[in-house]
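Letter by letter, the chains look like this.
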Amino acid sequence: MTITTEILSQIPGDVLSGLEGADRSLASLRAGNTTIPTVIKSDSQPLGTPEWDVIICGGTLGILIACALALRGIKVAVMERGVLKGRKQEWNISRKELDVLLELNLLTPEELDLAIATEYNPARVGFAGGTDVWVQDILNIGIYPVYLLETIKQKFLAAGGKLLENTPFTGAMVHPDGVMLNQEFSTRLLIDAMGHFSPIAKQARQGKKPDALCLVVGTCAQGFPENTTGDLLLSFTALENQCQYFWEAFPAKDGRTTYLFTYMNANPKHIGLTALFDEYFRLLPEYQGIELAQLSFQRALFGFFPTYRQSPLQTPWQRVLTVGDSSGSQSPLSFGGFGAMLRHLKRLTLGIEAALETEQLSIKALNLLQPYQPSLSVTWLFQKAMSVGIEQKIPSVRINNLLSAVFAEMQNLGEPVLKPFLQDVVQFPGLTKTLLKTNFSHPILVIQLIPQLGLFSLLDWVVHYLNLGLYSVLFSLNRNLEPTLKQLPNNYLYYYHRWVDAWKYGSGSDYSEH
Ligand SMILES: Cc1cc2nc3c(=O)[nH]c(=O)nc-3n(C[C@H](O)[C@H](O)[C@H](O)COP(=O)(O)OP(=O)(O)OC[C@H]3O[C@@H](n4cnc5c(N)ncnc54)[C@H](O)[C@@H]3O)c2cc1C
């Protein structure tokens, strides 16, 4: 019996079967033999007046947008295959990112206080052989999803929303004037919030293998010595199994959460989740300075996140939009899909409302609600720099050395550069300064990186980097044009506002410290 089997078999719930199932899905995704579902079909006949304005498939993050829309008077139904409830494990997020819940009236200040299960400070970023960087107020709040989703669900129902639980989405027919779901429910707009493995997203991506994967395993356990600090990104080992292991740790409601995560491409020879769990239990005692026997494991957590360069996902159908994990709108560096949803929640809510009001539900109009964002695309190269191919040979300390150098430069540049980056927001000025300083102080390290990344990736990145600059300029220029352009007729105004949003979010200009 391995240590993983021994520990996971003691945790309530059939964790081991879940892990085996996840490993099987991972293997078939890597082998490229997943079936492409045909859940969306088109019919040129009109449907007649649809019953709903919006049907959202998938209730986990879907309920947030559902409630925000329902509160604005839009007729919304949520179709959830199971019972809508949040997981027990907290979602980590920064305080400022939660303001949108108040702004959109999804929570009152009192309810927000109740949703916050934990808060800690400070958090550490560190890499073997380098100096630790300590930061305050970044991803230091643990939101309790059970409470959050239940509260928002009640608000959604009170606002007239309809919740269809135990109702799996099975298919949809897109008509010129609406969409029929499961041959039963008609709507003007279908929103897919069914997560990374959504059948709609699978069909839209046509079985494409992910460009990269992030694997994460971890536990929430009791028995650790009192520790009110956390780790955001920490590595203390060199490359092993063609992986750089990164760790995260923080105080949680039910003990202390520790995660081990690593980035890789989709090569089937890379490590799987069970093997990564073995590594986690092998290294956890060294990481936290404690014997496994001293710990009482409350729950195990694991997952794999497929990421695609072509993100966010733009669907090839009118009247169909993806949000949340299915849209791939979070950075390939993070598994903070809840945070990414909150970041875009106001933009999406207002955008969807405008699309419905002006009947802008064509492919072109909806694609602008999930626009190309250079701030997201530039992060691909960072992910590549933090991973290694299965046959690739690089010095085992390369990634640690590189990250130590980059974070030391960011620390020197100060919080305005460091803080947005750690919250997955990349901005042109901060990135440019960091690149210049790193190139200047560590030229050899940077030159060594070129063969590791490959010329194609570098050239591709340069395009996104230049676009990042361009989007920053366009967003700033817009401030002068806004008074004139606001006079445009409604249809044009829809497009104008979506482009401004694209420049804003695509340049990281949505981020503000206060
Ligand atoms: C170990 C781990 C730790 C994480 N920590 C954080 C964190 O600290 N902070 C953070 O921001 N994010 C975190 N995340 C990510 C976060 O959990 C996800 O981004 C989030 O759950 C995505 O929500 P979603 O609704 O888009 O997709 P999912 O969570 O996958 O939910 C999809 C929903 O769709 C439903 N569904 C699926 N198929 C159908 C169907 N056919 N019909 C109807 N309904 C369907 C499902 O039942 C489910 O309710 C973590 C993830 C993991 C695995």
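Because the structure is predicted, anything quoted here is derived from the model rather than measured.

1. Some points on the sheet that holds strand 8 (residues 141–143)
- If you trace the three strands from one edge of the open sheet to the other, you get 4-8-5, paired in antiparallel fashion. Two strands bound the open sheet, and with one partner strand each, they are strand 4 (91–93) and strand 5 (116–119). Sheet twist, expressed as the mean angle between neighbouring strand axes with direction ignored, is 30°.
- Pairing between strand 5 and strand 8: three bridges, direction antiparallel. Across the sheet, residue threonine 118 finds its bridge partner in strand 8, namely glycine 142.

2. What to know about the domain arrangement of the protein
- Domains assigned within the protein are domain 1 (3–33 + 209–307), domain 2 (40–123 + 133–208 + 311–372) and domain 3 (375–506).
- Relative placement of domain 2 and domain 3: their C-alpha centres are 26 Å apart.
- Between domain 2 and domain 3, the contact holds 33 residues from the first and 27 residues from the second.
- In this structure, the connection of domain 2 to domain 3 is made through zero salt bridges.

3. Remarks on the site of the ligand
- Taken together, 26 residues are adjacent to the ligand, and Thr60, Glu80, Asn92, Phe169 and Gly339 come closest.
- Contacts to the ligand include glycine 337, whose backbone N or O atom sits 3.3 Å from an oxygen atom.
- In isolation the ligand offers 1000 Å² of accessible surface; the protein chains occlude 86% of this area.
- For the shell around the ligand, the secondary structure elements donating two or more residues are strand 4, strand 17 (296–307) and helix 9 (337–357).
- For the shell around the ligand, the class distribution of residues is 13 nonpolar, nine polar and four charged.
- Composition of the shell around the ligand by domain shows at least three residues from each of domain 1 (3–33 + 209–307) and domain 2 (40–123 + 133–208 + 311–372).

4. Comments concerning helix 14 (residues 415–422)
- Looking only at helix 14, the buried set comprises Val417, Leu418, Lys419, Pro420 and Leu422.
- Looking at the packing, one finds that the buried side of helix 14 touches strand 6 (123–127), strand 7 (133–135), strand 14 (230–235), helix 13 (398–413) and helix 15 (428–441).
- Aspartate 424 sits one or two positions beyond helix 14 and adopts a positive phi of about 70°.

5. Digging into the packing of helix 13 against helix 14
- At a closest axis distance of 6 Å, the pairing of helix 13 and helix 14 adopts a crossing angle of 130°. Taken as axis vectors, helix 13 and helix 14 run oblique relative to one another. Within the contact between the two elements, helix 13 uses Phe407, Met410, Gln411 and Leu413 and helix 14 uses Glu415, Val417, Leu418, Phe421 and Leu422.
- In terms of residue class, the contact of helix 13 with helix 14 is built from seven nonpolar, one polar and one charged.

6. Side note on the side chain of threonine 315
- When you line up the elements, threonine 315 lands in the loop between strand 17 and strand 18 (320–322).
- Assessed through its relative accessible area of 5%, threonine 315 is described here as buried.
- Only 3.2 Å separates the side chain of threonine 315 from the backbone oxygen of tryptophan 317, close enough to count as a polar contact.
- Within polar-contact distance, the side chain of threonine 315 engages the backbone oxygen of valine 320 at 2.9 Å.
- The contact partners of threonine 315, leaving out residues within four places of it in the chain, are Val320, Thr322, Ile363 and Asn367.

7. Details of a nonpolar patch on the surface
- Where nonpolar side chains cluster on the molecular surface, the patch consists of Ile447, Ile450, Leu455 and Leu459 and spans about 420 Å² of accessible area.
- Of all elements in the fold, only helix 16 (443–453) and helix 17 (455–485) reach the threshold of two or more residues within the nonpolar patch.
- The residue leucine 455 is located in helix 17 in this model.
- Overall, the relative accessible area of 60% leaves leucine 455 in the exposed class.

8. Re the pairing of strand 16 (residues 255–264)
- Burial within strand 16 is extensive, with nine of its 10 residues counted as buried.
- As judged from the nine bridges shared by strand 13 (residues 212–222) and strand 16, these two strands associate in the antiparallel manner. Opposite cysteine 220, over in strand 16, you have threonine 257 as the bridge partner.
- In terms of strand pairing, strand 15 (residues 246–252) meets strand 16 through seven bridges, oriented antiparallel. Looking across to strand 16, one finds that alanine 252 is bridged to glycine 255.

9. Notes on the pairing of strand 17
- Of all 12 residues in strand 17, nine are buried, a share of seventy percent or more.
- Sheet topology places strand 13 next to strand 17; 11 bridges connect them, and they run antiparallel. In the sheet register, leucine 215 faces strand 17, and the bridge partner there is phenylalanine 304.

10. Let's talk about the sheet that holds strand 15
- Overall, mixed pairing links the seven strands, which are arranged 7-6-14-15-16-13-17 in an open sheet. Every interior strand has two partners, whereas the edge strands, strand 7 and strand 17, have only one. For this sheet, the mean inter-axis angle between neighbouring strands, taken without regard to orientation, is 15°.
- Bridge analysis of strand 6 against strand 7 gives three bridges, and the strand direction is antiparallel. If you follow valine 125 over to strand 7, its bridge partner there is valine 133.
- The sheet strands contacting helix 2 (residues 15–31) are strand 13, strand 16 and strand 17, and the helix crosses strand 17 at an angle near 15°.

So, how was this worked out
- Position labels on residues start from 1 in each chain and follow its written sequence.
- Per-residue local features are limited, in this predicted model, to residues with pLDDT of at least 70; the limit for side-chain atom pairs, both in listing and counting, is 80 or more; totals at the level of whole chains, interfaces and linings are taken over all residues.
- To obtain the side-chain values, all non-hydrogen atoms of the structure were used and water was disregarded.
- For two strands to pair, DSSP has to find at least two bridges joining them.
- Helix numbering and strand numbering both begin at the N terminus, where a helix is a DSSP run of H or I of at least 4 residues and a strand a DSSP run of E of at least 2.
- The angle between two axes is taken between their N-to-C directions and runs from 0 to 180 degrees, where each axis is a line fitted to C-alpha atoms and a helix contributes only its stretch in contact.
- Note: domain ranges come from an automatic or database domain assignment.
- Only heavy atoms matter for contacts: two residues are in contact if any of them lie within 4.5 Å across the pair.
- Here a salt bridge means any side-chain nitrogen of Lys or Arg lying within 4 Å of a carboxyl oxygen belonging to Asp or Glu.
- Here a residue is considered near a molecule or strand provided that any single heavy atom belonging to it is located within 4 Å of it.
- Pairs of N or O atoms within 3.5 Å make up the polar contacts considered here, provided that, within protein, one atom can donate a hydrogen while the other can accept it, and that residues adjacent in sequence are counted only when both atoms are side-chain atoms.
- Areas reported here follow the Shrake-Rupley algorithm with a probe of radius 1.4 Å; residue values treat only the protein chains shown as occluding.
- Residues are sorted three ways: Asp, Glu, Lys and Arg are charged, Ala, Val, Leu, Ile, Met, Phe, Trp, Tyr, Cys and Pro are nonpolar, and all the rest, Gly among them, are polar.
- Per-residue accessibility, obtained with a 1.4 Å probe over protein chains only, is compared with the maximum for each type, and a residue is labelled buried under 20%, exposed over 50%, and partly exposed between these values.
- Should an angle fall under 35 degrees it is called roughly parallel, over 145 degrees roughly antiparallel, and 65 to 115 degrees roughly perpendicular, with every other angle called oblique.
- A patch consists of residues exposed above 30% relative accessible area that lack any salt bridge, with like charges linked at up to 9 Å and nonpolar side chains (Val, Leu, Ile, Met, Phe, Trp, Tyr) linked at up to 5 Å.

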